[in-house]
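# Structural description and commentary
The chain contents come next:
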Amino acid sequence: MPEQGKEGARLFSPLNLRGVTLKNRIVISPMAQYCAEGGFPTDWHFAHLGGFAIGGAGLIFTESTKVERRGLGSFGDLGLWDDSHIAPLRRITDFLKQMGAKAGMQLNHSGRKARSQRPWEGFGPIVAPESELWPMIAPSAVAHSKDWAVPREMTGRDISENIEAWVAAARRAHAAGFEVLEIHGAHGYLVHQFLSSYANHRTDAYGGSLKNRMRFPLELTEAVRNAWPAELPLFFRVSAVDDAGWTLEDTLLLARELKAVGVDIIDCSSGGMASRSPTAAQTQCVLGYQVPYAESVRKHAGIATMAVGLIVSGAQAEAILVNESADLVAIGRQALYDPFWATHAAEELAEYAQFETLPKQYGWWLDRRKKAGFPGAVNPSQADVAL
Ligand SMILES: Cc1cc2nc3c(=O)[nH]c(=O)nc-3n(C[C@H](O)[C@H](O)[C@H](O)COP(=O)(O)O)c2cc1C
């Protein structure tokens with residue numbers, strides 16, 4: 001287990017993972033923006049990710065970034081399938097570093113969930129002539145659901161070439177300045193498809209028993225681990241339970257195997273195999289709805305975890321850490337609402353008196369205003385001023 005901080009709020013204690021020290025436990029969860037061009041990040045990515053770094057988060061993940069063109073989920077996905085993708089990503093990681101944040105890269109391949117509309121266009125399959133689309137591969141020739149194209153079943157050669165694509169993308173991520181890497185093994189995408197008896201109907205060594213279904217994810221992870229520098233941490237995102245037969249017991253077995261091949265953190269999400277959305281936007285969820293998965297994996301698989309899903313306040317995040325349910329908390333939609341979430345959590349937990357979570361360009365002024373005694377300096381609703 002990683003070292004725990006000793007004083008103050010646990011949320012603001014550093015965490016050592018291999019040779020990397022995160023300044024706090026606040027992670028920005030991967031969030032697809034659907035506005036890359038040819039796999040390249042745009043100014044939007046710089047502003048979007050840079051804002052979280054200004055706001056004080058310790059680790060900031062890119063959205064799911066595709067290891068090959070065939071893996072594109074949608075138009076506008078980020079990519080790392082070519083060396084030319086490195087330089088524009090480097091511009092972003094350089095800025096994150098200047099702000100004292102670590103840059104995390106999430107790698108992914110959509111498999112049979114490729115060619116999907118952007119969420120606000122309906123999340124269904126893209127309808128366009130085949131010549132304008134890209135080929136789809138998956139463990140089995142089984143469509144994601146009705147109306148979706150049937151992917152081509154991957155051959156043994158496809159499997160080894162695909163692993164090579166992940167390895168090459170991991171190397172590029174390192175060259176682009178990322179210090180944390182996450183393999184996306186959740187939400188019904190390629191790696192999860194191999195794990196799932198619902199999507200994987202293979203009769204060779206990569207299908208059938210749980211051991212066989214875990215083979216591709218584990219071979220892939222081991223290959224990526226060998227290519228990713230030993231001093232840098234590797235995360236793996238799981239759907240701890242899904243909507244198509246994968247259980248928490250399966251996740252515990254997988255997590256133990258992942259630990260054995262060098263994974264440092266299990267990022268505990270859920271769902272996405274049969275339904276579309278891993279954000280559970282269509283269902284009613286309670287705050288911290290996935291925290292029990294992070295707690296269970298941490299306790300029973302003996303590996304550090306990251307909790308995610310409707311974590312919205314500093315007090316809630318702090319309780320997750322103090323209760324030892326997880327080692328890190330990932331913030332998604334709440335950070336879209338409030339990119340300075342970390343700064344607000346620090347105020348809420350009375351952790352920093354002088355806005356130290358912010359760069360001086362902002363923090364110095366806010367501290368000065370606070371010291372001048374303006375009553376609503378932090379929370380305008382508390383200001384007792386006549387309008
Ligand atoms: C706009 C958006 C895009 C997302 N894209 C990704 C993604 O690229 N990779 C991923 O693993 N999860 C993705 N997710 C899921 C989030 O990382 C997170 O697990 C989920 O939103 C639940 O956390 P929250 O309640 O804090 O938002 C996305 C969520 C949102 C809202």
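Residues numbered from 1 in each chain as written. Predicted model: local features only at pLDDT ≥ 70, side-chain atom pairs only at ≥ 80, totals over all residues.

Along the backbone of the chain there are 12 helices and 13 strands. Burial status across the chain gives 48% buried among its 387 residues. Partitioning the intrachain contacts of the chain with sequence separation of at least 6 by distance along the chain shows that 69% fall at a separation of at least 24. (Helix = DSSP H or I, 4+ residues; strand = E, 2+ residues; numbered from the N terminus. Buried ≥ 20, exposed ≤ 12 C-beta atoms within 10 Å, placed from the backbone. Contact = placed C-beta atoms within 7 Å.)

Right, let's get into the nonpolar core. Core analysis: the largest hydrophobic core is formed by 96 residues, its most contacted members being Ile 60, Met 306, Ala 307 and Val 329. Apart from the residues lying within four places of it in its own chain, the contact partners of Ala 307 are Cys 268, Gln 290, Val 291, Ala 294, Ile 320, Ser 325, Ala 326, Val 329 and Ala 330. (Core = buried A, V, L, I, M, F, W, Y, C linked by C-beta atoms within 7 Å.)

With that settled, consider the pairing of strand β6 (residues 102-108). A large share of β6 lies buried, amounting to 7 of its 7 residues. Side chains Lys 102, Gly 104, Gln 106 and Asn 108 of β6 all project onto a buried face; the interleaved residues Ala 103, Met 105 and Leu 107 project onto the opposite face, where all are buried too. As judged from the 6 bridges shared by strand β4 (residues 59-66) and β6, these two strands associate in the parallel manner. Residue pairing for β6: Thr 65 is matched across the bridge by Leu 107. (Pairing = 2+ DSSP bridges.)

To continue, consider the site of the ligand. The ligand sits among 21 residues. The nearest are Ser 29, Pro 30, Ser 64, Gly 332 and Arg 333. Counting residues per element, the ones that place at least two in the shell around the ligand are β4 and α10 (333-337). Across the shell around the ligand, the residue classes tally to 8 nonpolar, 10 polar and 3 charged. (Near = placed C-beta within 6 Å. Nonpolar A, V, L, I, M, F, W, Y, C, P; charged D, E, K, R; others polar.)

Further remarks concern the packing of helix α3 (residues 156-175) against helix α6 (residues 215-227). Following both chains from N to C, one finds α3 and α6 inclined at 35°, their axes separated by 9 Å at the closest point. Along this stretch, α3 crosses α6, giving a crossing that reads as right-handed. Here α3 contributes Ile 159, Ile 163, Trp 166, Val 167, Ala 170 and Arg 171 to the contact with α6, which in turn contributes Phe 216, Glu 219, Leu 220, Ala 223, Val 224 and Ala 227. Taken together, the residues of the contact of α3 with α6 break down into 10 nonpolar, no polar and 2 charged. (Axes fitted to C-alpha atoms, helices over the stretch in contact; angles between N-to-C directions. Left-handed = near helix turned anticlockwise from the far one by under 90°.)

As a further point, take the confidence of the model for the chain. With 93% of its residues at a pLDDT of 70 or more, the chain shows a mean pLDDT of 93. Long-range and interchain partners of residues 2-6, a stretch whose pLDDT sits below 50, account for 10 contacts in this model, where long-range means more than four residues apart. (pLDDT = per-residue confidence, 0-100.)

As a further point, take the environment of Ser 29. Looking at the secondary structure, you find Ser 29 in the loop between β3 (26-28) and α1 (43-54). Beyond its immediate chain neighbours, meaning those up to four positions away, Ser 29 contacts Phe 61, Val 308, Ala 330, Ile 331 and Gly 332.

The subject of this paragraph is the environment of Asp 267. Tracing the backbone shows Asp 267 in strand β11 (residues 265-269). Linking Asp 267 and Asp 94, residues 173 residues apart in sequence, is a C-alpha distance of 25 Å. Setting aside anything within four residues of it in sequence, one finds Asp 267 in contact with Glu 182, Phe 235, Phe 236, Arg 237, Met 306, Val 308 and Ala 330.

Burial of strand β13 (residues 328-331) is two-sided: the residues Leu 328 and Ala 330 facing one way and the residues Val 329 and Ile 331 facing the other way are all buried. Pairing of β3 with β13 involves 3 bridges; the strand directions are parallel. Each bridged residue has a counterpart across the sheet, and for Val 27 the counterpart in β13 is Ala 330. With helix α9 (residues 314-322) bridging strand β12 (residues 304-308) and the parallel β13, this β-α-β connection has right-handed handedness. (Right-handed = clockwise from strand over helix to strand, strands pointing away.)

Another aspect to go through is α1. Its 12 residues place the ends of α1 16 Å apart at the C-alpha level, agreeing with the 16 Å of an ideal helix rising 1.5 Å per residue. Residues of α1 that are buried include every one of His 45, His 48, Leu 49, Gly 50, Phe 52, Ala 53 and Ile 54, and no others. Against β3, β4, α2 (86-98) and α10 lie the buried residues of α1. One or two steps after α1, the chain reaches Gly 56, where phi turns positive at roughly 105°. (Expected span 1.5 Å × (residues − 1).)

The phi angle at Tyr 34 is positive, at roughly 60°, despite the residue not being glycine. If you trace the backbone, Tyr 34 turns up in the loop between β3 and α1.

The subject of this paragraph is the packing of α1 against α2. α2 packs onto α1 with a crossing angle of 15° between their chain directions and a minimal axis gap of 9 Å. By the angle between their directions, the pair α1 and α2 is classed as roughly parallel. Relative to α2, α1 is oriented so that their crossing is right-handed. Here His 45, Phe 46, Leu 49, Gly 50 and Ala 53 of α1 come into contact with α2, specifically with Arg 91, Ile 92, Phe 95 and Leu 96. Classifying every residue of the contact of α1 with α2 gives 6 nonpolar, 2 polar and 1 charged. (Parallel < 35°, antiparallel > 145°, perpendicular 65-115°, else oblique.)

At 3.6 residues per turn, the α-helix brings residues three or four places apart onto the same side. Look at α6: 18 Å from first C-alpha to last across 13 residues, which is about the 18 Å you get at 1.5 Å a residue. Where the residues of α6 are buried, they touch α3, β9 (180-185), α4 (190-195), α5 (210-213), β10 (234-239) and α7 (248-260).

Topologically, Ser 196 is positioned in the loop between α4 and α5. Classification of Ser 196 as buried rests on a count of 22 C-beta atoms within 10 Å. Residues Ser 196 and Met 273, 77 residues apart in the sequence, show an inter-C-alpha distance of 8.3 Å. Setting aside anything within four residues of it in sequence, one finds Ser 196 in contact with Asp 242, Ala 244, Gly 245, Trp 246 and Met 273.

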